Amino acid sequence: RSTLFPYTTLFRSISKLLLIVTYVLQIFRSGMSVKLEISIDSSGIIVDQEIIKSSGSQDFDDTTMMTLEEIQFDPLPDAMLKFGNYAVILQIQNSR
């Protein structure tokens, strides 16, 4: 097995769950995006999130953040536990 296997599985999990976020954001004007950093703890819970680049719409940004708070990711793979929380930079864009 590749040493990237735990990371690949985690990335797929994150991608699938983020589809929920983009679905919720369809009510906003198409093409809006927000860039943010999230920190996921070992159990898969988002423990911190920060907007790096706003969409320009407070409602869009707030909806993105609130939707992310509802997501429960899979626990981090054992190979990643020694590094502590997992930080991810995401750019979320809605489209119809």
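These figures come from a predicted structure and were not determined experimentally.

When you go through the chain residue by residue, the secondary structure sums to 3 helices and 3 strands. Mapped from its N terminus to its C terminus, the chain presents α and β elements in the order α-β-β-α-α-β. Looking at the chain residue by residue over its 96 residues, the buried ones come to 40%. Approximately 6100 Å² of the chain is accessible, and the part contributed by carbon and sulfur atoms is 53%.

A few words on the pairing of strand β1 (residues 33-40). Strand residues, when the strand is regular, have side chains that alternate between the two faces of the sheet. In this sheet, strand β3 (residues 86-93) lies alongside β1 in antiparallel orientation, the contact comprising 8 bridges. Across the sheet, residue I38 finds its bridge partner in β3, namely V88. Here β1 runs beside strand β2 (residues 46-53); their pairing, made up of 6 bridges, is antiparallel. Along β2, the bridge assignment pairs L36 with I51. Connecting the antiparallel pair β1 and β2 is a turn made up of 5 residues, with G44 showing a positive phi of about 95 degrees.

Another point: the environment of E37. Mapping E37 onto the fold places it in strand β1. When the C-alpha positions of E37 and I52 are compared, they lie 6.8 Å apart, and in sequence the two are 15 residues distant. Dropping the residues within four chain positions of it, E37 is found in contact with D48, Q49, E50, I52, A87, V88 and I89.

This paragraph deals with the nonpolar core. Judged by nonpolar contacts, the single largest core of 17 residues is most densely connected at L36, I38, I40 and L68. For this core, the secondary-structure elements that each account for two or more residues are β1, α2 (58-69) and β3.

Below, the discussion takes up the side chain of S39. Take S39: it is sitting in strand β1. Those residues in contact with S39 that lie beyond four places of it in its chain are I45, I46, V47, D48, N85, Y86 and A87.

With antiparallel pairing, 3 strands are arranged side by side in an open sheet as β2-β1-β3. Looking at which strands have only one partner, the edges of the open sheet turn out to be β2 and β3. The average undirected angle you get between the axes of adjacent strands in this sheet is 25 degrees. The strands touched by α2 are β1, β2 and β3; relative to β1, the strand with the most contacts, the crossing angle is about 30 degrees.

This paragraph deals with the confidence of the model for the chain. Mean pLDDT over the chain: 79, with 69% of residues reaching 70 or higher. Within the chain, the element-level pLDDT minimum falls on helix α1 (residues 5-24), averaging 63, and the maximum on β2, averaging 94.

Summarising the element assignment, Q91 is placed in strand β3. Along the sequence, Q91 and E37 sit 54 residues apart, while their C-alpha atoms lie 8.8 Å from each other. Once residues lying within four places of it in the same chain are set aside, the contact partners of Q91 are S33, V34 and K35.

Thresholds, definitions, all that
- Residues numbered from 1 in each chain as written.
- Predicted model: local features only at pLDDT ≥ 70, side-chain atom pairs only at ≥ 80, totals over all residues.
- Heavy atoms only, no water.
- Helix = DSSP H or I, 4+ residues; strand = E, 2+ residues; numbered from the N terminus.
- Buried < 20%, exposed > 50% of the residue type's maximum accessible area, 1.4 Å probe, protein only.
- Areas by Shrake-Rupley, 256 points an atom, 1.4 Å probe, with all protein chains shown as cover.
- Pairing = 2+ DSSP bridges.
- Contact = heavy atoms within 4.5 Å.
- Core = buried A, V, L, I, M, F, W, Y, C linked by side-chain atoms within 4.5 Å.
- Axes fitted to C-alpha atoms, helices over the stretch in contact; angles between N-to-C directions.
- pLDDT = per-residue confidence, 0-100.

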